[in-house]
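Below, each chain spelled out in residue letters.
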Amino acid sequence: MGQVHLEKQGGVAVLTVDNVEVKNGLTPEMGMQLSELCEDIDRDATIGAAVVRGKDGMFCSGADRRRWTAGSDQAEDKTYKELGAVYEAFRRVGVLQVPTIAAVRGAAVGAGINLALATDLRVVSERARLMAGFLRIGLHPGGGYFTISSRTAGREATAAMGLFSEEIDGVRAAEIGLAWKAVPDEEVEDLALELAGRAAKDPELAREAVRSFRTEAGPPGIGWEAALHFERATQMWSQRRRETA
């Protein structure tokens, strides 16, 4: 029914969503596993960055709907908690103590786009397909989609994708700020790992820097004057620990 795998390559943790039978759709069990693996990453002080990817060139097609039952009671205890496990997985990726990158190939739909948006940076295939997709199947968006999309792509793109079911490719995602860079499909994971490797050279500094980034950038962000003071102590710490002037 699917797994999430963790590999550690030097100082980079690689999380791979593996449920290829349904294009890497997420199950509640995979959500719980992903959260547990995030705990493992946070405990390992040698890890300075993480990359999230999908198995076999497909990022994540959304939730694995094979266990869905039309008209079932969504407030029933087991059902409610299972959906919460998937939502918690997005949040847990989003609060990893290291900088995070999504390497998006194939499609990122519904829960898949939430997973990509939970990271700090996205590298996408030029031919990747990105869509919220909730309203297309008669669902209200979930997982905090409107918030995590708005902080990345802004209100206009979030409305287009979340309210009007627009689908975009990787090139367009980079144009509107939903991704950092769109590259040929075969280059996506290599570039993501290269970028992650830069941060991973100094895991302790990377963890401090990403904490400041998320606090300052938000949402909600903090003002420039507050940011000056917020950054100062940590920059002083980093200056003191440098081996060269």
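Let me sum up the structure you'll find in this document. (Residues numbered from 1 in each chain as written. Predicted model: local features only at pLDDT ≥ 70, side-chain atom pairs only at ≥ 80, totals over all residues. Heavy atoms only, no water.)

1. Remarks on helix H7 (residues 203-217)
For an α-helix, 3.6 residues make a turn, and residues three or four places apart therefore share a direction. Over its 15 residues, H7 runs 21 Å from end to end, which matches the ideal 21 Å to within 8%, given 1.5 Å per residue. Residues Pro203, Ala206, Arg207, Val210, Ser212 and Glu216 constitute the buried set of H7. Those residues of H7 that are buried are in contact with helix H1 (28-43), helix H6 (188-200) and helix H8 (224-241). A positive phi of about 70° marks Gly218, the residue just after H7. (Helix = DSSP H or I, 4+ residues; strand = E, 2+ residues; numbered from the N terminus. Expected span 1.5 Å × (residues − 1). Buried < 20%, exposed > 50% of the residue type's maximum accessible area, 1.4 Å probe, protein only. Contact = heavy atoms within 4.5 Å.)

2. A word on unusual backbone geometry
The phi angle of most residues is negative, glycine excepted, and most peptide bonds adopt the trans form. For the peptide bond that leads from Gly218 to Pro219, omega is 10°, which places it in the cis range. Considering the arrangement of structural elements, one finds Pro219 in the loop between H7 and H8. With omega at -15°, the peptide bond leading from Pro219 into Pro220 counts as cis. Position of Pro220 among the secondary structure elements: in the loop between H7 and H8. For Lys23, which is not glycine, the phi dihedral falls at a positive 55°. Given a relative accessible area of 52%, Lys23 falls into the exposed group. Non-glycine residue Asn24 carries a positive phi angle of around 65°. Mapped onto the elements, Asn24 comes out in the loop between strand E2 (12-18) and H1.

3. Description of the nonpolar core
With 44 residues, the main nonpolar core has Leu26, Phe59, Val104, Leu115, Leu130 and Leu178 as its most contacted residues. Of all the secondary structure elements, the ones that give two or more residues to this core are E2, H1, strand E3 (49-54), helix H2 (77-94), strand E4 (100-104), helix H3 (111-117) and helix H4 (145-162). Leaving out residues up to four positions away in the same chain, Val104 has contacts with Phe59, Ala116, Val123, Val124, Ser125, Ala128 and Val188. Grouped together as the second largest cluster of nonpolar side chains are 14 residues, Ala49, Val51, Val123 and Leu195 included. (Core = buried A, V, L, I, M, F, W, Y, C linked by side-chain atoms within 4.5 Å.)

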